[in-house]
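Analysis of the macromolecular model
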Amino acid sequence: MVFSANSSFEDDRDVPTADEQLQVAGAETFNMFQKRINSFDKELRNFGNAARQLGSSVGILSSAFRLRERLAQILFLFRDNAADLFPRKISRQQREFLVNPNLMDRKRKARRRKSMPGRVPANIEDSLDIENLPEQFENFATALMTFLKCLNEFPEFTDEAVNTSIKSFEGDLKYWACCLQDYRGQFKYPAVQRYVHDLTAEMGEHIDSITETLSMFIEVGVPTIRFAQKHSTANLLTLSTVATFFSAVTATTLQFSYSQTGDMLSDGVNAFWFSSLVFSIAAAVNSLLGLSWKQAMYRSPGDRVPWWVLMWIKRSPLVFLVMSVACFSAGLVLFTYSTDQGKVTSTITAVSTAFTSFGLAAVSAWFASEKWTFVHHRGSKWLSDVLKDALRRFMALRLVSIVSKFFGWGSRYVQKGVELAEHEFRRMSSMGTLATTALEQGNSLTTGEYAHIISRSPEPLSPLSPSTDSYSHFSAEGSLHPNLEPPTTFNGTSNSPITPRDRLTNAIRSVMMLQSATSSPSNPFSSPARKRTTSSAFTDASISRVISGTSVATTFRGSKVASLMHKLKSLEVTQDLAAHSALVRHLQFSPNGKFLATSSWDRTSIIFRVGDPCVHHRVLAHASGFVGQVTWSPVGGLLLTRLNRAIKIWTEDGVCRKTIKRYHHIQSIVWFPGGEAFLSVEGNEVVKLGLNGDVLDTYHFNRVFLHNVAITPDLRRLLGVGPILYSPKGLHPSKSRVEKQLLVYNIETKVIESQTPVLNDVRDITLAKNGQMALVSYENEAFPQLWKLEMVKDQARLTLCHTYMPKVPVDFAGPSYFGGKDDQLVLCAGKAGDIHIWDRDSAVLLHHVRAQALGGDLTCIAWNHTSDNPFMFATGSHYGGVRLWTTANNYRPHESSRRLFTVTAQSTPQSITPRSPSPVDDGAQTDSTGTGNTRQSQ
């Protein structure tokens, strides 16, 4: 088939190239980061405008300006980095147009210093180099903490959300700055630039959190602080007014006594009143001084002021006013005696002064005690709680407890005597009331008859019967209600005139029935309680990306790629194997292509003989533990299975030759190219093991927790991937993802030659046959990448070549693999069932099998490199099934086998038609040669 220049790609039109997609995605990421920075800068500017109304705001204003300056510098560096990565989408910013909130202030200062000879103006923009990014992160973290410290210097309001968000961001900034120190001189390398660019997403989340909490602080915190400061200034103003008024009163009264001198009483009056005048004036002046100090914008915060200055400004006005009042009251009492006032006047004045002074002293002591309680307990206890605790400890003393017990016994005896007397009094009064009633009705009952009436109890009646309300038939005067019939007697007969005796009998019976009804249990048939219910709805927001660009046909490298596309379109499922009863964790074809090994969580591994059809060759059972990986020896004949802390060596015939137990959790196992030994990846160590289980060598990777490694064909280097355990200074991230690294390790010198940072969760690395191309796989929705191993001054390092981007976001399952002749293809599986196949050298997506075409999810994928069919691979699933895929135009199935799906050469992935199930599903028997009774596909 010949493709024209305008050929369509799969079933899409105008799909952009992979490079164009990376350019667009990178530009979108940076633009989002810039919007977040601008939003944060806007909130800082709004906060500065709102804080100008507060006292002692110069510190917070200055820190906000410095923080805005650091934001502008960070944005400049990230823009410069993004312009290197995406030159067609991001433009550079000139240094002279750097946004600097303090630029105008500096210009004014520069004009003043212009006339100073020999002075060179400082220019901090000279340090705006990407190589200084670690220092910029540290300065940014320092500016953030300075801003937070100034914010917390307002004791009137504290927001824990602001504290948490800023401290979290500060911790991550220090972590990034420490980790980036390892890449000095490499910030112009594309791999490091991409890592720096990926940090914009992590920083953006922090900036959004701080922006949101700062906005709430502006709406709630600033008004609260302003109200508290206004309340404090209002108190000082009130004290100043009262002190001024009181000084006037004292000065007026002094006119009556200042001339009286010579005796002790007169001198005492003048001494007290002159002292009162001095204290009142001091209270007024200190109140005005404290008022001015609190309203000053440039005043120092409370923790920066000496304690004696703070006490003098805050406490002296009230203390002086209280002392002034006390001196005036004492002088007034003495004045009544010095002027020979009457005894009544002198006594009343002295008693009134003592009473008011006692109240003043008691309230002052209470206020002081509340202050002491707050300082010592930080609001966890009130003064009443402290007093109760003190009283409890006082009562716990031995002497006090003995006295309290004695008084307790006495009080209980007295209480019992009072209760007995009250009971006797009530009984006598009730007897007297009944006797009086009988006499009033003219009753001539004897004592025996009266006792007989009292002793008769009413018949047991249900609370729900109408007779329980018979007492309501009587009016207050003891007569019947006019609308009711006369009550019946005990014998059921009706008496028509009612004698006083019957009336008394019925009254006593009604009272007893009333008491019985009121003491009965409540109605059990109560209405059910109404319960509150809440409902919540969750909606999932899906984001679709619409990418427009030039046709992908312009990237085709001639008829070779066109031919690959044509062949890959005919890929179909040819066999569906019921392999396991649980999830298929890993699978791999043997080097000769004749066997397929699988591993599962059902604690088994299965070796299939690849053919038409594939048949079970051997089942490898494991006593305990999940089988996480299978890997064939490069020379064939041996198979390794990996458990959590053990490795088993098997032959092709399913014989276990050796079980090697390890003391650490095994992340992965990798064969040496010659098959003479293999590697066990165990955290930050890689152990070289022989076929008999001997430890041949150990390679240490310090701070990196390796997930997987690959060995170069010349046996000189290891390529490893994994996260770092901590930064060089022992720091850990507070919120962001940890840094991961791609390492090149020299086996001979046992030195890490290069380390490349990445942010996504890297899990696997695979080398191509030429030993120069490495395929790196990530978890979740991170795209697989192709890295090239290059030699620079006798040291190897990895350089990014391609990022393989799918057409839609995919959650990838398991590692990606090389496929095709000479590893010309890259294929990976998605957890939902998607399969993507790219051209390795051009990163063009050649084929995409959609999830709905498979009808199930996937867990792993593996390519058969040495099959007679050059396009054969296998996929594993969650339910334990394994499917074999081949191309229709090369595959010639045996007449006894059946295909699960049939795809025509012109059909798209949506037109895949389900056919008859496989022999494994319907129980059809097949022999080892592939013959058997099967139904032909329709």
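Residues numbered from 1 in each chain as written. Predicted model: local features only at pLDDT ≥ 70, side-chain atom pairs only at ≥ 80, totals over all residues. Heavy atoms only, no water.

What to know about the overall build of the protein
For the protein, the count of helices and strands is 17 helices and 30 strands. Of the roughly 50600 Å² of accessible surface on the protein, a fraction of 57% belongs to carbon and sulfur atoms. (Helix = DSSP H or I, 4+ residues; strand = E, 2+ residues; numbered from the N terminus. Areas by Shrake-Rupley, 256 points an atom, 1.4 Å probe, with all protein chains shown as cover.)

A word on the packing of helix α7 (residues 264–295) against helix α8 (residues 307–314)
At a minimum axis separation of 8 Å, α7 and α8 run at an interaxial angle of 115 degrees. When the axes of α7 and α8 are compared, the pair comes out roughly perpendicular. Taking contact as the criterion, the partners of Asn286, Gly290, Trp293 and Lys294 in α7 are, on α8, Leu310, Trp312, Ile313 and Lys314. Of the residues contributing to the contact of α7 with α8, the split by class is 4 nonpolar, 2 polar and 2 charged. (Axes fitted to C-alpha atoms, helices over the stretch in contact; angles between N-to-C directions. Parallel < 35°, antiparallel > 145°, perpendicular 65-115°, else oblique. Contact = heavy atoms within 4.5 Å. Nonpolar A, V, L, I, M, F, W, Y, C, P; charged D, E, K, R; others polar.)

Describing unusual backbone geometry
Asp612 connects to Pro613 through a cis peptide bond whose omega is 5 degrees. Secondary-structure assignment places Pro613 in the loop between β4 (604–609) and β5 (615–621). The residue Arg603 is not glycine, and still its phi comes out positive at about 70 degrees. Along the chain, the position of Arg603 falls in the loop between β3 (595–600) and β4. By relative accessible area, Arg603 is classed as partly exposed at 39%. A positive phi angle, close to 55 degrees, is found at Lys793, a residue other than glycine. When you line up the elements, Lys793 lands in the loop between β20 (785–792) and β21 (795–803). Owing to a relative accessible area of 79%, Lys793 belongs among the exposed residues under this scheme. (Buried < 20%, exposed > 50% of the residue type's maximum accessible area, 1.4 Å probe, protein only.)

Re the pattern of salt bridges
According to the stated counting rule, one finds 23 salt bridges in the structure shown. What emerges from the salt-bridge pattern is a single network uniting Asp80, Asp84, Arg92 and Lys188. (Salt bridge = Lys/Arg side-chain N within 4 Å of Asp/Glu carboxyl O.)

Topic: helix α5 (residues 160–180)
Between the first and last C-alpha of α5 there are 30 Å, a value that for 21 residues agrees with the 30 Å anticipated at 1.5 Å per step. Across the 21 residues that make up α5, a large majority, 15, are buried. Between a side-chain oxygen at the N-terminus of α5 and the backbone nitrogen of Ala161 the separation is 3.1 Å; the capping residue is Asp159. (Expected span 1.5 Å × (residues − 1). Polar contact = N/O pair within 3.5 Å; in protein donor to acceptor, adjacent residues only side chain to side chain.)

A word on the nonpolar core
Among the nonpolar cores identified, the biggest contains 80 residues, and Phe47, Phe137, Phe147 and Met203 are the most heavily contacted of them. Every element with two or more residues in this core is listed here: α1 (18–51), α2 (58–85), α4 (133–152), α5, α6 (190–254), β11 (677–682), β14 (708–711) and β16 (740–746). Here this core gets 13 residues from one element, more than from any other, and that element is α2. Apart from residues no more than four positions distant in its own chain, Phe147 is found in contact with Leu44, Phe47, Ile60, Ser63, Ala64, Leu67, Ile166 and Leu214. Residues Leu564, Val573, Val844 and Ile861 belong to the second largest nonpolar core, which totals 21 residues. (Core = buried A, V, L, I, M, F, W, Y, C linked by side-chain atoms within 4.5 Å.)

Thoughts on the sheet that holds β3
One open sheet holds the 4 strands; their spatial order is β2-β3-β4-β5, and the pairing between them is antiparallel. Edge positions in the sheet fall to β2 (584–589) and β5, since each of these pairs with one other strand and no more. Pairs of neighbouring strands in the sheet enclose a mean axial angle of 20 degrees, with direction left out of account. Strand direction decides the pairing type here: β4 and β5, joined by 6 bridges, are antiparallel. Residue pairing in the sheet places Ser605 in a bridge with Leu620 of β5. (Pairing = 2+ DSSP bridges.)

Some remarks on a positive patch on the surface
A contiguous patch of positive charge on the surface is contributed by Lys314, Arg315, Lys371 and Arg378. For Lys314, the location among the structural elements is in helix α8. (Patch = residues over 30% accessible without salt bridge, like charges linked within 9 Å, V, L, I, M, F, W, Y side chains within 5 Å. Lys, Arg positive; Asp, Glu negative; His and termini not counted. Charge placed at Lys NZ, Arg CZ, Asp CG, Glu CD.)

Description of the packing of aromatic side chains
Following the criterion strictly, the structure yields 21 aromatic pairs and no others. Relative to Phe169, the ring of Phe140 has its centre 5.5 Å away and its plane inclined at 90 degrees; by these criteria the two rings are edge-to-face. A residue pair is termed long-range when its members are at least 10 positions apart, and Phe140 in helix α4 and Phe169 in helix α5 qualify at 29 residues. Classification of Phe169 as buried rests on a relative accessible area of 0%. Cluster of aromatic residues (ring-pair linked, three or more members): Phe33, Phe78, Phe137 and Trp176. Across from the ring centre of Tyr189, 4.3 Å away, lies the NZ or CZ of Arg797, which sits over that ring. (Phe/Tyr/Trp six-rings, centres within 6.5 Å; stacked < 30°, edge-to-face > 60°. Lys NZ or Arg CZ within 6 Å of the ring centre and 35° of its normal.)

Side note on the sheet that holds strand β18 (residues 762–767)
In spatial order, the strands read β18-β19-β20-β21; together these 4 strands make up an open sheet with antiparallel pairing. Of all the strands in the sheet, just β18 and β21 have a single pairing partner and so form its edges. Adjacent strand axes in the sheet meet at a mean angle of 30 degrees, parallel and antiparallel pairs treated alike. Summarising the sheet, β20 and β21 pair through 8 bridges and their orientation is antiparallel. From the neighbouring strand, Leu789 faces β21, where its bridge partner is Leu798.

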